[in-house]
Amino acid sequence: MRLTESDRDSALSVSLDSAPEAGPSFPAGPSNGHNGVAATKSNGFASPYTNGSSKAPAHGDVDGHAAERHRPSSVARVSLPGRTLYDDSYVDREEFVRLVIQSLRDVGYMESAATLEAESGYIMETPEVAEFRRCILDASWDSAETALMHLGVTEGEGLWDAKFLIAKQKYLEYLEAGKTTAALHVLRNELAPLNPEVDHLHALSSLMMCSDPQDLRHQVGWDGAGGTSRRRLLMDLQRYIPSSVMIPQRRFVTLLDQARAFQQSRCLYHNVPLRNQTYSLYTDHMCDRNAFPRVTTAVLSVHEDEVWNLEWSHNGKYLATASKDKTAIIWRIEFDKDPRYRAYSPEFILRDHEYHVGCVSWSLDDSILLTASEHRITLWNARSGMRLRTLEQHTDVVTALAWLPDGSGFISGGLDRKIILWDTDGKMRDTWGRTPIRVTDLMVTPDFTRLVAVGMYDVPSIPSAANAAQDAAAAGGAGAGAGSAASGRVSETRIIIYDLATKQPESSIRLEGELTSVKISQDSQFALINRASENGPPAEIHLLDLSTEQVVRKYSGHSQSKHVIRSCFGGVEGNFVLSGSEDGNVYIWHRDTGALLEVLAGHGEGSVNSVAWNPVNERMFASCSDDRTVRIWEAPPPDALAASSAAALTAEVDRAEERETADGGKGKGKGRWDAGMSTGAGVASSSGLGGAGAGPSSSTDAESGYGLGSTTALF
């Protein structure tokens, strides 16, 4: 019998006859016993499962001889030349067919799987693998260790680890059954000789003190012998068995998921949920750019001055905005309706602010809205618009408000170098004391482990005049107040990562340029940081890996030198990076590649100060600007796409002409933090809207804040 090279490499290759066949010459038909009829329950499943969670026969049939009902009696074996799936393919035919057989069994096509085994001459696995599986599922622990040796797991660390996993399951099941003596025997004579870590062994021994089986399962995070624990043990043992002998569970599905993930990474406009029905095996996945939110569907224009900040409620139905006009507005937006028929209205206008409003933040249940106005923090009932409490523990501008991920309180930071932890009712719970930086923004990681703060850090100046000048330039041109020669100190910007539990700094990272914003990804792995530029490196947004403390991606193209600009993650799984810009546009990048996808015009003269993606509707985000407006961006209805594109083009041409004839700059109203400005005094920017034909109301009622045409839907 002449074997192919692949047969020699496979632990499953056995010769039956002398004629060369396509693939291994196993006996035709199934020989692993997975084609019988299930008759018993095992480990919490209605019927035993084969490798890959497919339905399997009763354990009595796993001796290598399948039940007669699935034995194909008249299927002729097909002999094909070569070893690959196609002449121009590198896919091994044996591997492919075995995965198909596994997949057929996974979905319950047992007859088809048996027929394919008979016709191809390949079987999914040997009787030894079936026997090993039967031993684990039936808790035949001694036989399981013997069977393990027959599957290619040799002496060494891998064999010891596998034996430890089997002995641990055995130990836990004895404890669950109340067989304390037998469990103690396993602990002393089987687990301890394998030399596990001392702490692990102590933890296992302490389980003997559990009061009942439920307590045991709770402490271990284990669902018992009647649950899925034995199936999970099989999955863990899979790591030590050659994959050519025991195919990893649901291997075909894993490969398809990898292919989909690769296609998703190549789709720059990917913005659909993972389980969306647009995924198909028939075609490569590619999202339509026209389904991406890049057209203004509404302009909200009640504010009477620059709009500096905004944030969506967690349910996506409300939008809070903060303005230089000393108000914050809670907008109600029917995001789940067609943009052509959606209602936009200011639910509450929060007026009781003595100074400009710079920050807003929603509680986890959306019942409380925080606003920051200079050194004051105000708590508002978001459902009634009533002021609950005003906090004045800060002594300088409060620049950041962030709720704890569990909603148990919130954290504030300011230019007074204070970081304060508050209860939900506004009682001060704790403080970080005087921090090394004048905080310009902060956020808590969603996993509740760290607090990331950015700001300006004062260091002693270098005596040399030349060196002092170089340091001042490296600090992004920080001038008046922060780095003057008279004070003997220069200013640089830093990112400080605190341990949230101990409040101790884990690391301090220096970056050039002024840092104005920080956002944290949902997986708590990355921080998105806006870096302004004045007399220094170009403005960029940095994606910082919090584990390695390295900048892994930079996003550029926008403009930021003198103003506070805030960015955010957006889209499904945070696939995009959004930012405002001093040129009046909204910029959108692909997060993983850094490619600039869209530059969205529409706002009038002045900076786009902040952007926020709707947390519920993945195809909607909002932006706010010095032009006194808030814009809602979405993918337009198909019949409105052409019209909106033409309007946007016309608006861009008009703005270009205005810039050519404009006399002087924008006259931004906010002072720079590093210039020591504690108020927002300055020259107001133009209120004209250079967008798609909508502008702020010219006749606003001073009491209600509702103006004629205060909101404009564009479709």
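Worth saying up front: this structure is predicted, and the values here are computed from it rather than measured.

Within the chain, the regular secondary structure consists of 13 helices and 31 strands. Counting over 715 residues, the chain shows a buried share of 51%. The contacts of the chain with a sequence gap of at least 6 include a subset with a gap of at least 24, amounting to 56%. Just so you have it, the chain exposes about 31,600 Å², and 51% of that area is on carbon and sulfur atoms.

Where charged atoms from two side chains of opposite charge come close, those side chains can pair. Applying the stated criterion across every chain yields a total of 23 salt bridges. Here Arg134 and Asp138 are joined by a salt bridge, their closest N and O atoms 3.7 Å apart. On the accessibility criterion, Asp138 (31% relative accessible area) is partly exposed. A salt bridge links Arg260 to Asp257, with the nearest nitrogen and oxygen atoms 3.6 Å apart. Taken as a pair, Arg260 and Asp257 lie in helix α11 (residues 251-266) at a separation of 3 residues, close to a single helical turn. Note on Arg260: relative accessible area 24%, which makes it partly exposed. If you follow the salt bridges from partner to partner, you end up with Glu131, Arg134 and Asp138 in one network.

Turning our eyes to something else, we now look at the sheet that holds strand β11 (residues 387-391). Reading across the sheet, the 4 strands line up as β8-β9-β10-β11 and stay open at both edges, with antiparallel pairing between neighbours. Each edge of the sheet is formed by a strand with only one pairing partner; in this case those strands are β8 (359-362) and β11. Within this sheet the neighbouring strands show an average axis-to-axis angle of 20 degrees, counted without direction. Here 4 bridges tie β8 to strand β9 (residues 368-373), and the two strands are oriented antiparallel to one another. Along β9, the bridge assignment pairs Ser361 with Leu370.

Here 4 strands make up an open sheet; going across it, the order is β4-β5-β6-β7 and the pairing antiparallel. The open sheet has two free edges, formed respectively by β4 (307-312) and β7 (344-350), since each of these has just one partner strand. On average, adjacent strands in this sheet sit at an angle of 25 degrees to one another, irrespective of strand direction. Here 5 bridges tie strand β5 (residues 318-323) to strand β6 (residues 328-333), and the two strands are oriented antiparallel to one another. Within the sheet, the bridge partner assigned to Ala322 lies in β6 and is Ala328.

With that out of the way, let us pick up helix α7 (residues 180-191). For α7, the set of buried residues is Ala183, Val186, Leu187 and Leu191. Buried residues along α7 cover an arc of 100 degrees about the axis, so they all sit on one side. For α7, exposure combined with an orientation more than 90 degrees from the buried face picks out Thr181 and Arg188.

This part takes up the nonpolar core. If you look at the biggest cluster of nonpolar residues, it comprises 21 residues, and the most contacted ones within it are Phe132, Ile136, Leu148, Ile166, Leu237 and Ile241. Put simply, the parts of the chain that give this core at least two residues each are α4 (127-137), α5 (141-149), α6 (157-176) and α10 (229-237). Residue contributions to this core peak at 5 residues, all from α4. Look past the residues within four positions of Phe132 in its chain and what remains in contact with it is Ala144, Ala147, Leu148, Leu151, Leu234, Leu237, Ile241 and Met246. Counting residues in hydrophobic clusters, the runner-up holds 19 residues, among them Leu310, Trp312, Ile333 and Phe335.

With that out of the way, let us pick up the packing of aromatic side chains. This model, assessed by the stated rule, comprises 13 aromatic pairs. Judged by centre distance (5.3 Å) and plane angle (25 degrees), the rings of Trp613 and Phe621 are stacked. Of the two residues, Trp613 and Phe621, neither departs from the other in class, the shared state being buried. What links up through ring pairs into an aromatic cluster is the set Tyr269, Phe292, Phe576, Trp613, Phe621 and Trp633. Lying over the aromatic face of Tyr457, Arg494 brings its terminal NZ or CZ to 4.5 Å of the ring centre. The side chain of Lys503 reaches across the aromatic face of Trp432, ending 5.4 Å from its centre.

Attention now goes to the side chain of Thr435. In this structure, Thr435 sits in the loop between β15 (428-434) and β16 (437-444). Beyond its immediate stretch of four places on either side in the chain, Thr435 contacts Arg417, Lys418, Ile419 and Tyr498.

We now examine the environment of Leu544. Locating Leu544 in the fold gives a position in strand β22 (residues 540-545). Residues Leu544 and Ile520 lie 24 residues apart in sequence; the distance between their C-alpha atoms is 9.5 Å. Beyond its immediate sequence surroundings of up to four residues, Leu544 is in contact with Ile495, Ile509, Gln525, Phe526, Ala527, Ile529, Glu549, Gln550 and Val551.

The next thing to look at is unusual backbone geometry. A positive phi angle, near 60 degrees, is found at Ala139, a position not held by glycine. Within the secondary structure, Ala139 is located in the loop between α4 and α5. In the Ramachandran plot, Arg250 falls in the positive-phi region, its phi being about 50 degrees despite a non-glycine side chain. Its place among the elements puts Arg250 in the loop between α10 and α11.

It is worth spelling out the confidence of the model for the chain at this point. Of all residues in the chain, 73% have pLDDT values of 70 or greater, and the mean over the chain is 78. Note on residues 463-489: pLDDT is under 50 here. Beyond four places in sequence and across chains, it has 39 contacts. The low-confidence segment residues 659-710, where pLDDT is below 50, has 139 contacts with residues more than four positions distant or belonging to other chains.

Turning to its location among the elements, Arg631 is positioned in strand β30 (residues 630-634). Although Arg631 is buried, it forms no salt bridge, and the closest oppositely charged side chain is Asp627 at an N-O distance of 5.1 Å. A distance of 2.9 Å separates a polar atom in the side chain of Arg631 from the backbone oxygen of Gly602.

All right, on to the pairing of strand β13 (residues 409-414) then. Among the 6 residues in β13, 6 count as buried, and that is most of the element. Neither face of β13 is left uncovered, since the one carrying Gly409, Ile411 and Gly413 and the one carrying Phe410, Ser412 and Gly414 both have all their residues buried. Relative to β13, strand β12 (residues 398-403) runs antiparallel, the two sharing 5 bridges. By the bridge assignment for β13, Trp403 is matched with Phe410. Counted along the chain from β12 to the antiparallel partner β13, the turn is 5 residues long, and its residue Gly407 has a positive phi close to 75 degrees. Across 5 bridges, β13 lies against strand β14 (residues 418-423) in antiparallel orientation. For Gly413, the partnering residue across the bridge sits in β14 and is Ile419. Where β13 folds back onto β14 in an antiparallel hairpin, the turn is made up of 3 residues, including Arg417, whose phi is positive at roughly 70 degrees.

Before going further, it helps to spend a moment on the environment of Leu104. Following the sequence through the fold, Leu104 ends up in helix α2 (residues 93-106). Sequence separation of Leu104 and Ala114 is 10 residues, and the distance between their C-alpha atoms is 9.4 Å. Aside from chain neighbours lying at most four places away, what touches Leu104 is Tyr109, Ser112, Ala113 and Leu116.

Cut-off values and rules
- Residues numbered from 1 in each chain as written.
- Predicted model: local features only at pLDDT ≥ 70, side-chain atom pairs only at ≥ 80, totals over all residues.
- Heavy atoms only, no water.
- Helix = DSSP H or I, 4+ residues; strand = E, 2+ residues; numbered from the N terminus.
- Buried < 20%, exposed > 50% of the residue type's maximum accessible area, 1.4 Å probe, protein only.
- Contact = heavy atoms within 4.5 Å.
- Areas by Shrake-Rupley, 256 points an atom, 1.4 Å probe, with all protein chains shown as cover.
- Salt bridge = Lys/Arg side-chain N within 4 Å of Asp/Glu carboxyl O.
- Pairing = 2+ DSSP bridges.
- Axes fitted to C-alpha atoms, helices over the stretch in contact; angles between N-to-C directions.
- Arc of directions from axis to C-beta.
- Core = buried A, V, L, I, M, F, W, Y, C linked by side-chain atoms within 4.5 Å.
- Phe/Tyr/Trp six-rings, centres within 6.5 Å; stacked < 30°, edge-to-face > 60°.
- Lys NZ or Arg CZ within 6 Å of the ring centre and 35° of its normal.
- pLDDT = per-residue confidence, 0-100.
- Lys, Arg positive; Asp, Glu negative; His and termini not counted.
- Polar contact = N/O pair within 3.5 Å; in protein donor to acceptor, adjacent residues only side chain to side chain.

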